[in-house]
Amino acid sequence: MKHIKIFDTTLRDGEQTPRVNLNAQEKLRIAKQLESLGVDIIEAGFAVASPGDFEAVKMISENVKNSTVCSLSRAVRKDIEAAGKALEGAAKPRIHTFIATSPIHREFKLKMTKEQILERVKEMVELAKSFVDDVEFSSEDATRTEKEFLLEVYETAIKAGATTLNVPDTVGYRTPNEMFELITYLRKNVKGIENVDISVHCHDDLGLSVANSVAAIQAGATQIECTINGLGERAGNTSLEEIAMILKTRKDLFEEYYTNIDSKQIYPTSKLVSLLTGVTTQPNKAIVGANAFAHESGIHQHGVLANPETYEIMSPESVGRNTDSLVLGKLSGKHAFVQKLQSLGFDHIDEKRVEELFAQFKKLADKKKYVLDEDIIALVAGDAAKIEGRIKLTHFEISRQEGKKPKATVTIDLDGEKLIKEALGDGPVDAAYNAVNLAVSDTFVLEEYKLEAITGDTDAQAQVVVIIEKNGNRFIGRGQSTDVVEASIKAYINGINRLYNK
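In this text the structure is predicted, and so the values were computed from the model without any measurement. (Residues numbered from 1 in each chain as written. Predicted model: local features only at pLDDT ≥ 70, side-chain atom pairs only at ≥ 80, totals over all residues. Heavy atoms only, no water.)

Colleague: Tell me about the side chain of Thr411, and name the residues and values.
Modeller: On the secondary structure map, Thr411 appears in strand E12 (residues 407-414). Judged by its relative accessible area of 7%, Thr411 falls in the buried class. Not counting residues within four places of it along the chain, the set of residues in contact with Thr411 comprises Lys392, Leu393, Thr394, His395, Lys418, Leu419 and Ile420. (Helix = DSSP H or I, 4+ residues; strand = E, 2+ residues; numbered from the N terminus. Buried < 20%, exposed > 50% of the residue type's maximum accessible area, 1.4 Å probe, protein only. Contact = heavy atoms within 4.5 Å.)

Colleague: Let's hear about the sheet that holds strand E7 (residues 164-169): which residues, and what values?
Modeller: Read around the closed barrel, the eight strands follow the order E2-E3-E4-E5-E6-E7-E8-E9; overall the barrel is parallel. Taken over all neighbouring pairs, the strand axes of this sheet differ in orientation by 25° on average, direction set aside. Pairing between E7 and strand E8 (residues 197-202): six bridges, direction parallel. Counted as the bridge partner of Val167 is Val200 from E8. This element, helix H2 (residues 51-63), spans strand E3 (41-45) and strand E4 (68-74) of the sheet and lies at about 150° to E3. (Pairing = 2+ DSSP bridges. Axes fitted to C-alpha atoms, helices over the stretch in contact; angles between N-to-C directions.)

Colleague: Describe a nonpolar patch on the surface, and please don't skip the residues or the numbers.
Modeller: Together, Leu446, Tyr449, Leu451 and Val484 line one region of the surface with nonpolar side chains, adding up to about 320 Å² of accessible area. The dominant element in the nonpolar patch, judged by the number of residues it contributes, is strand E14 (residues 445-453), at three residues. Following the sequence through the fold, Leu446 ends up in strand E14. (Patch = residues over 30% accessible without salt bridge, like charges linked within 9 Å, V, L, I, M, F, W, Y side chains within 5 Å. Areas by Shrake-Rupley, 256 points an atom, 1.4 Å probe, with all protein chains shown as cover. Salt bridge = Lys/Arg side-chain N within 4 Å of Asp/Glu carboxyl O.)

Colleague: Any chance you could break down the packing of aromatic side chains for me, citing the residues and the numbers?
Modeller: All told, the structure shown has eight aromatic pairs when counted by the stated rule. Each ring, one from Phe137 and one from Tyr154, has its centre 6.3 Å from the other, and the planes form 80°; the classification is edge-to-face. Here Tyr154 lies in helix H6 (residues 147-160) and Phe137 lies in strand E6 (residues 134-140), a separation of 17 residues in the sequence. Taking relative accessible area as the criterion, Phe137 reaches 1% and is therefore assigned buried. On the accessibility criterion, Tyr154 (1% relative accessible area) is buried. For the pair Tyr433 and Tyr492, a centre-to-centre distance of 3.9 Å together with 10° between the ring planes defines the contact as stacked. Residue Tyr433 is located in helix H16 (residues 428-440), and its partner Tyr492 is located in helix H17 (residues 484-501); the two are separated by 59 residues in the primary sequence. A residue is classified by how much of its surface remains accessible, and Tyr492, at 2% relative accessible area, is buried. In this structure, Lys147 packs its charged tip against the face of Tyr185, placed 5.1 Å from the ring centre. Between Lys470 and the ring centre of Phe444, over which it is positioned, the NZ or CZ distance is 5.9 Å. (Phe/Tyr/Trp six-rings, centres within 6.5 Å; stacked < 30°, edge-to-face > 60°. Lys NZ or Arg CZ within 6 Å of the ring centre and 35° of its normal.)

Colleague: Residue-level account of the packing of helix H8 (residues 209-219) against helix H9 (residues 240-249), with values.
Modeller: Each pair of packed helices gets described by two things: the angle between the helix axes and the distance between those axes. Look at H8 against H9: their axes get within 10 Å of each other, and the N-to-C directions meet at 45°. If you check the angle between H8 and H9, you find them oblique. Viewed along their axes, H8 and H9 form a crossing whose handedness is right-handed. Taking contact as the criterion, the partners of Val210, Ser213, Val214 and Ile217 in H8 are, on H9, Glu242, Ile243, Ile246 and Leu247. Of the residues in the contact of H8 with H9, the class split is six nonpolar, one polar and one charged. (Parallel < 35°, antiparallel > 145°, perpendicular 65-115°, else oblique. Left-handed = near helix turned anticlockwise from the far one by under 90°. Nonpolar A, V, L, I, M, F, W, Y, C, P; charged D, E, K, R; others polar.)

Colleague: An account of the sheet that holds strand E13 (residues 417-424) is needed here, citing residue identities and associated values.
Modeller: One open sheet holds the three strands; their spatial order is E11-E12-E13, and the pairing between them is antiparallel. Strands with a single pairing partner mark the edges of an open sheet, and in this sheet they are strand E11 (391-399) and E13. In this sheet, neighbouring strand axes are inclined to one another by 15° on average, regardless of whether the strands run parallel or antiparallel. Sheet topology places E12 next to E13; eight bridges connect them, and they run antiparallel. Each residue of the ladder has a partner; that of Ile412, found in E13, is Leu419. Along the sheet, H17 contacts E11 and E12; its crossing angle with E11, the most-contacted strand, is approximately 150°.

Colleague: So what's going on with the layout of surface pockets? Which residues, and what values?
Modeller: The volume enclosed by the largest pocket comes to roughly 1,100 Å³. For the largest pocket, the lining is made up of 35 residues, of which Gln360, Gly382, Lys386, Gln480 and Lys490 are closest to its centre. Among the secondary structure elements, those contributing two or more residues to the lining of the largest pocket are helix H11 (266-277), helix H14 (351-367), helix H15 (373-385), E11, strand E16 (473-481) and H17. By volume, the second largest pocket is sized at about 670 Å³. Surrounding the second largest pocket, 25 residues form its lining, Glu15, Asn21, Leu22, Phe475 and Lys502 being those nearest its centre. At the level of secondary structure, the elements contributing two or more residues to the lining of the second largest pocket comprise helix H1 (24-37), H2, E16 and H17. It is H2 that contributes the most residues to the lining of the second largest pocket, five residues altogether. Of the residues in the lining of the second largest pocket, the class split is nine nonpolar, eight polar and eight charged. (1 Å grid on protein atoms, 1.4 Å probe; cavity = no way out; pocket = protein on both sides within 12 Å on 5 of 7 lines; lining within 4 Å. Points joined across faces, edges and corners; volume = space filled by probe spheres on them.)

Colleague: Which residues make up H14, and what are the values?
Modeller: Between the first and last C-alpha of H14 there are 25 Å, a value that for 17 residues agrees with the 24 Å anticipated at 1.5 Å per step. Taken together, the buried positions of H14 are occupied by Val354, Leu357, Phe358, Phe361, Leu364 and Ala365. End-on view of H14: buried residues confined to an arc of 125°, all on one side of the axis. Pointing more than 90 degrees away from the buried face of H14 are the exposed residues Lys352, Lys363 and Asp366. The distance from a side-chain oxygen at the start of H14 to the backbone nitrogen of Lys352 is 3.2 Å, and the residue carrying that oxygen is Asp350. (Expected span 1.5 Å × (residues − 1). Arc of directions from axis to C-beta. Polar contact = N/O pair within 3.5 Å; in protein donor to acceptor, adjacent residues only side chain to side chain.)

Colleague: Tell me about the UniProt feature "binding site: Mn(2+)" (unreviewed entry) in the protein, and name the residues and values.
Modeller: In the numbering used here, UniProt assigns the feature "binding site: Mn(2+)" (unreviewed entry) to Asp13, His201, His203 and Asn237. These annotated residues cover 225 residues of sequence, and their C-alpha atoms all fall within 10.5 Å of one another, placing them together at a single site. Examined against the element boundaries, His201 turns out to sit in strand E8. Given the relative accessible area of 5%, His201 is considered buried. Among all residues touching His201, those that are not within four sequence positions of it are Thr9, Arg12, Asp13, Asn166, Val167, Pro168, Asp169, Glu225 and Asn237. A distance of 2.9 Å separates a polar atom in the side chain of His201 from a polar atom in the side chain of Glu225. Here His203 shows up in the loop between E8 and H8. You can call His203 buried: its relative accessible area is 6%. Those residues in contact with His203 that lie beyond four places of it in its chain are Asp13, Asp169, Thr170, Gly172, Ser209, Glu233, Arg234, Gly236 and Asn237. (UniProt positions renumbered as here; feature names shortened; annotations may be inferred.)

Rendered as structure tokens:
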């Protein structure tokens, strides 16, 4: 059987989703879950981009042992040197370097000739090879590059030591037939290509990223670059969960292919990424959407009750949804809680953190009749999203007299000093935010406010995601609680702490 490597770039390309901003701890939390999922290569970030990205790549390199850890770099010396340094602690390091090759990029972005690009490819792949054995080379905008020049570029990369050649459909322009033909052409004509992995990185601008990736596999590609929930630039990337389940579900067509993905970890991973990035998965999203296994039509319901296979080509359990009947409540003990964490893929959390999470679970169980899988995932995600900062919420009260605006009284701890402030607002959340502003003697632009119920019923946890702006700097804040106002205040303070830490 042929192993199709899964290269996950949620932490690099996925983070380029507008307004997504993960810190190093949040990236590590996702990386550990990707390792549990069975991802072969984790692109941890762009080490040279910022101190935060460098720290994230370094931290992930030191903590992930089963998956290859990769850093992206332009075909530029300082990028490759930063990547090499950040990856020093990795058990399986990879440097992924790229340069654009299409006519429009050569003329308008790079202002380089073909000869200059070939020389740069040779020089930079060799430099990357001096740091790590595993080097991936990408020809950016490959699908709009002249085929003859593409051959020269890839042959140069192979001779310089590249072990993986990536063929990106950077602007999501190609169709499955075209992708099949291009990979077939490269396999037939690039000298030495039989000794390296062929990868594709397809964007979803025309909604064809998954179809193009499948066509590439059929043509001989051995690595697929993708993200959880299809996150990424513009319309996003190839969805990891869709690729994995296509190969698993359609064994009649893909019996010779396999991935290392543990499909039962797909849904927990999807929820964790959604909660930490603040990007809600669309309800009708394949595999992981809220409605992916919902049946409202009477005809469909009747069929599913008679035999699930009448309308379900895969079971919810196969992707980690409702995998067991263990429902937790306030009488549940630590053993049951740990068992639930393990069933959701969170078996690598250290004992101290488990104790903290269990204490949070007990508090939540006092407020809710049942604690569902999504609640547990939210606890883990919320734990990773915590920021130790200057401000802590101590207490708040909301009051309102008939005919008057709501009043919020907020008590915070600011640099160790207890402050109590009151403010009015158009609603309780607005009043609370005004009170926080008074307490910190500062103001912020609230660019975005999103409220989502993590589970159903009236006692559901609410997750609030805000984006605040100050002097051109934008920061995301997250908060969770069964109380909507409390979740809102926590999210606001979380965002302010990130800003102040910056």
